[in-house]
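# Remarks on the overall topology
The lines below spell out each chain.
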Amino acid sequence: MPFSDSEWEKLKELSLKAFRGPGSFPETLKVVEFLSAISPEDLSEWLQGSVSPSAIGYILRLWEEFTDSLEEVKSLWPALEGGSPQAFRSCRQAWHTAGRKLNRVLREIELRMSPRLKVNLLGFGEISRVLDLEGSALSLWHDPETGQPVRMVFKKMLPFPSREAAEHHAHWYMEYNRILRDGAGIEVPPFDVRLVGKGSGPVTAYMLQGRVNPEQVCVGRFLEQLTPSSAAVLYRMILREYGKVYRFNKDHAHEGIQLGIDGQIPNWAVKEYCGNPEALIGNETLIYLDTTVPMIRVGGKDVIDPEIYFQTLPAFAQKLIKALKLHEEVMNRYYNFRTIMLDFISNFIVRHRPNLVPLLVEMSNEAIRSTFQEENWPPITLEEVRKYYREDVFIWRLWRSLKLLRSEKARGFSFFGELYSIWTKPIF
C-alpha cells in the first residue's frame, strides 16, 4: 500500500498501544498484517518528502532490522497456535524486541527529523549558526529546577576534531553561563549542550539556549526606533551590566579568574520590552545572549583557544594571524571595558545611527569617571570612535574576503563580484 501521512499517524498509534504489552492473538495478527504491508519502497518514497535526504538510508536500515524481528514473530505462530508455553514466552520476547526496534524508527523520524520539522535560520556568526527546530520535541528543554518546558534554539558550532575537544568546549560553555548568572549577576537564557558524533571522527556541538522573543533583541526595529532619551536609558542599563562583570573580575582577581564579554548592542535583549523604546524606565531586565564562545581566563590564559575564531580562514591566514599574535589582540578587547565601550559606540555608526554617538561617548566618559575610575583611563573622543569604526570595518571586510577564498565561489566567476560587494556595500 502507498505510505502516507495517515499511515504514519496509524504507525505511531500502534507503537503506543500494541507494543506496550502482549495483546490477544487476533489483535497481534492485525498489527502484523498492517506492518508487513508497508514496503521499504513506499516508506522510502514518503520519507523523501518528509525528512532530510541524508537520513533516509539510516532510517531504512533501522526499518529493515525491525522487519527482521517482525518475521521472527510470524515464524513462531505455528507453535503458538499449538498452545506451547515455550512458544508463548518466545513470541512474547520477540514481540517486545520488535516493539523496541519500531520505537527506534519512530524516534528517528519524529524527534530528529519530524515531517513537521521546520529548520529556521535565526542568525549566524563567525563560528556558529543559530537554528530554530520548529515542530521538534528536541527544541523543548525542561528546566531541571521547575520541570517546565523551555523553547530552545540550537547554536551549531563548526565541527570539533575530536570528542575530547567538543567536551572541553561544552564544559566551559556551561561554566561561562553559570558564572555570568550566579557569579556576576548577568541574566542569560536557559542553557545546555548536545554533542553529535561517535568514535574518533569529528564531533558537532550544539549550544542550546532559551529562545528569546526577536522583538526584545536590541537590533532591527528596536534600534531604529531609539531616540536620544530612550538610547540613554538603554545604555545606562547596559553600562550597569558592564559594571557587574568588571566588579566580578576585581573581586576574583586573587583567584586568577577573569570574565570577558562582547558587549555590542545586538548581544542584549530587554526581557520586558513591549515594543516602544520610549516606555523604558531603566529597571527592566537585560538578557545577555552571546555566550557561545566562553570568555574566561584562568591565570591569564584563555580556557578556549582563540584560534577557534579563525577556523573559517585559509591556512595561510591562520598562520599569519598566529605569527603576529593577532588572535591575542582580538581576545583582549573583550576583557578591557574601555575597549568594550568603544566597540559598542562605533557599532552605532555601522548600524546607521551615528546621531547617537556623541551621547554615548558622553555617557561612556561618565562611566570612566565613576564605575571604572580605578583604571585611570583617558576619556573617549569622537575622533577615537571614528578611527575605531574605520579600522573595525576594514578588518571585517578583510575577514570576509579571506573567508571567500575558502568557499566554493573562489573557484567561480562570481568570486570578483562577491569581493567587490564586500568592499563597497554597507555591512548592514
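Attention here is on the structure that accompanies the text. (Residues numbered from 1 in each chain as written. Predicted model: local features only at pLDDT ≥ 70, side-chain atom pairs only at ≥ 80, totals over all residues. Heavy atoms only, no water.)

## Concerning the packing of aromatic side chains
Evaluated as defined, the whole model comprises 13 aromatic pairs. When the ring of Trp63 is compared with that of Phe66, the centres are 5.1 Å apart and the planes differ by 55°; the resulting orientation is tilted. With a gap of 3 residues between them, Trp63 and Phe66 both fall in helix 4 (residues 53-75), about one helical turn apart. Relative to Phe344, the ring of Tyr235 has its centre 4.5 Å away and its plane inclined at 10°; by these criteria the two rings are stacked. Of this pair, Tyr235 sits in helix 9 (residues 228-251) while Phe344 sits in helix 12 (residues 337-350), and the two are 109 residues apart along the sequence. Assessed through its relative accessible area of 1%, Tyr235 is described here as buried. Taking the relative accessible area as the measure of exposure, Phe344 reaches 1% and is therefore buried. Joined through ring pairs, the aromatic side chains of Tyr242, Tyr246, Trp268, Tyr288, Phe337, Phe372 and Trp377 make up one cluster. (Phe/Tyr/Trp six-rings, centres within 6.5 Å; stacked < 30°, edge-to-face > 60°. Helix = DSSP H or I, 4+ residues; strand = E, 2+ residues; numbered from the N terminus. Buried < 20%, exposed > 50% of the residue type's maximum accessible area, 1.4 Å probe, protein only.)

## Remarks on the nonpolar core
Ranked by internal contacts, the top residues of the largest apolar core, which has 79 residues, are Leu234, Tyr235, Tyr242 and Met341. A total of 12 residues in this core trace back to one element, the largest contributor, which is helix 9. Once residues lying within four places of it in the same chain are set aside, the contact partners of Tyr242 are Tyr235, Gly263, Trp268, Phe337, Ile340, Met341, Phe344 and Phe372. Membership of the second largest hydrophobic core comes to 29 residues, among which are Val31, Val32, Phe34 and Leu43. (Core = buried A, V, L, I, M, F, W, Y, C linked by side-chain atoms within 4.5 Å. Contact = heavy atoms within 4.5 Å.)

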